[in-house]
Amino acid sequence: LAFVAGVAVADLASSLVHWAADTWGRADLPVIGQRLLVPFRVHHINPNDFIHRPFLDTNGDVAALSVPPLIVLLQLPLDGSFAVPAVFGLGFAGFGVMTNQIHQWAHTPVPPAPVRVLQALGILLRPDDHAAHHRGLYDRHYAITTGWWNRPLEAIQFFRRAETVISRVTGARPRADEDTFKLSA
């Protein structure tokens, strides 16, 4: 259960990061603009570009964040008081490190056979579930690890409500600069 909970939290985290990258910020923001925001937004204009990116380009940034905690977690004993947090962390960081690769496989016309099996079982993001994100305004189905959070978050209109609150507080408009990315692609 701890491992599955970790995987679920990794999927939730993927939805929050994906939503933030798709909805807020500008290309000229230091550090995250060019490395995080631009690739997500350009991906909307040319989704096939993503499937041709090299492994390191696809996975490097997430690995830089996920591998150090994974190394620490792998050193913890899996008995006693560390067991549940360690197993949770392994699910979270283990699936989290693979998020961009899983996203890429959801776009790949014929991913490896084991990946197709895991997609069919709903353990990895299903291509048809992710396709819902690419229909319309790219304003839904943000979870890109397992996709487990897509339907529940849509059912409660989580992201629309969050956008409303953020807009009221800051005056910022969601996806206000989307045309900028279309012009630069």
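Cut-offs and rules
Residues numbered from 1 in each chain as written. Predicted model: local features only at pLDDT ≥ 70, side-chain atom pairs only at ≥ 80, totals over all residues. Heavy atoms only, no water. Helix = DSSP H or I, 4+ residues; strand = E, 2+ residues; numbered from the N terminus. Rg over C-alpha atoms; globule rule 2.2 N^0.38 Å. Buried < 20%, exposed > 50% of the residue type's maximum accessible area, 1.4 Å probe, protein only. Areas by Shrake-Rupley, 256 points an atom, 1.4 Å probe, with all protein chains shown as cover. Lys, Arg positive; Asp, Glu negative; His and termini not counted. Charge placed at Lys NZ, Arg CZ, Asp CG, Glu CD. Core = buried A, V, L, I, M, F, W, Y, C linked by side-chain atoms within 4.5 Å. Contact = heavy atoms within 4.5 Å. Salt bridge = Lys/Arg side-chain N within 4 Å of Asp/Glu carboxyl O. Axes fitted to C-alpha atoms, helices over the stretch in contact; angles between N-to-C directions. Parallel < 35°, antiparallel > 145°, perpendicular 65-115°, else oblique. Left-handed = near helix turned anticlockwise from the far one by under 90°. Patch = residues over 30% accessible without salt bridge, like charges linked within 9 Å, V, L, I, M, F, W, Y side chains within 5 Å. Phe/Tyr/Trp six-rings, centres within 6.5 Å; stacked < 30°, edge-to-face > 60°.

A short note on the overall build of the protein chain
For the protein chain, the count of helices and strands is 11 helices and zero strands. Ordered by position in the sequence, the α and β elements of the protein chain form the string α-α-α-α-α-α-α-α-α-α-α. Taking 185 residues into account, the globule formula puts the C-alpha radius of gyration at 16 Å, and the protein chain, at 17 Å, falls close to it. C-alpha atoms of the protein chain, sized along the principal axes, occupy 55 × 40 × 35 Å. Counting all 185 residues of the protein chain, 42% fall into the buried class. Counting only carbon and sulfur atoms, one obtains 69% of the accessible surface of the protein chain, whose full area is about 10200 Å². Side-chain charges of the protein chain comprise 15 positive and 15 negative groups, with the mean position of each set lying 5 Å from the other.

Considering the nonpolar core
Grouped burial of nonpolar side chains is what soluble globular proteins tend to show. Phe95, Ile102, Trp105, Leu124 and Leu125 are the most contacted members of the largest nonpolar core, which totals 13 residues. For this core, the secondary structure elements donating two or more residues are helix 1 (2-23), helix 2 (32-45) and helix 6 (99-107). Once residues lying within four places of it in the same chain are set aside, the contact partners of Ile102 are Phe95, Leu124, Leu125, Ile144 and Thr145. In this structure, Trp19, Trp24, Leu153 and Ala162 belong to the second largest nonpolar core, which totals six residues.

Considering helix 6
Among the nine residues that make up helix 6, nine are buried, leaving the element largely enclosed by the rest of the structure. Listed in full, the buried residues belonging to helix 6 are Thr99, Asn100, Gln101, Ile102, His103, Gln104, Trp105, Ala106 and His107.

Some remarks on the pattern of salt bridges
Close approach of charged atoms lets side chains of opposite charge pair. All told, the structure shown has four salt bridges when counted by the stated rule. A salt bridge links Arg53 to Asp49; the shortest N-O distance between them is 3.2 Å. Of the residues examined, Asp49 reaches a relative accessible area of 30% and is grouped as partly exposed. The partner of Arg175 in a salt bridge is Glu163, with the nearest N and O atoms 3.1 Å apart. Residue Arg175 is found in the loop between helix 10 (158-170) and helix 11 (178-184), and its partner Glu163 is found in helix 10; the two are separated by 12 residues along the sequence. Judged on exposure class, the residue Arg175 and its partner Glu163 are both buried. Linked through salt bridges whose partners overlap, the residues forming this network are Arg160, Glu163 and Arg175.

Points about the packing of helix 1 against helix 10
Relative placement of two packed helices is described by the angle separating their axes and the distance separating the axes. At a minimum axis distance of 12 Å, the contact between helix 1 and helix 10 shows a crossing angle of 50°. Compared by their axis directions, helix 1 and helix 10 come out oblique. In the packing of helix 1 onto helix 10, the handedness of the crossing is right-handed. Residues Ser15, Leu16, Trp19 and Thr23 of helix 1 form the contact with helix 10, whose participating residues are Phe158, Phe159, Arg160, Ala162, Glu163 and Ile166.

Here's the deal with the environment of Pro114
Counting through the fold element by element, Pro114 comes out in helix 7 (residues 113-120). Each C-alpha atom of the pair Pro114 and Asp79 lies 31 Å from the other, and the pair is 35 residues apart in sequence.

Considerations on a nonpolar patch on the surface
A cluster of nonpolar residues, Val117, Leu118, Leu121 and Ile123, forms a patch on the protein surface that exposes about 320 Å² of accessible area. On the secondary structure map, Ile123 appears in the loop between helix 7 and helix 8 (127-131). For Ile123, a relative accessible area of 32% puts it in the partly exposed group.

A word on the packing of aromatic side chains
What the rule picks out here adds up to six aromatic pairs. Judged by centre distance (6.5 Å) and plane angle (5°), the rings of Phe88 and Phe92 are stacked. In this pair, Phe88 and Phe92 are both assigned in helix 5 (residues 83-96), four residues apart and thus about one turn of the helix distant. Look at Phe88 and you get partly exposed, because its relative accessible area is 30%. What makes Phe92 partly exposed here is its relative accessible area of 33%. Grouped by ring-pair contacts, the aromatic residues Trp19, Trp24, Tyr142, Phe158 and Phe159 constitute a single cluster.

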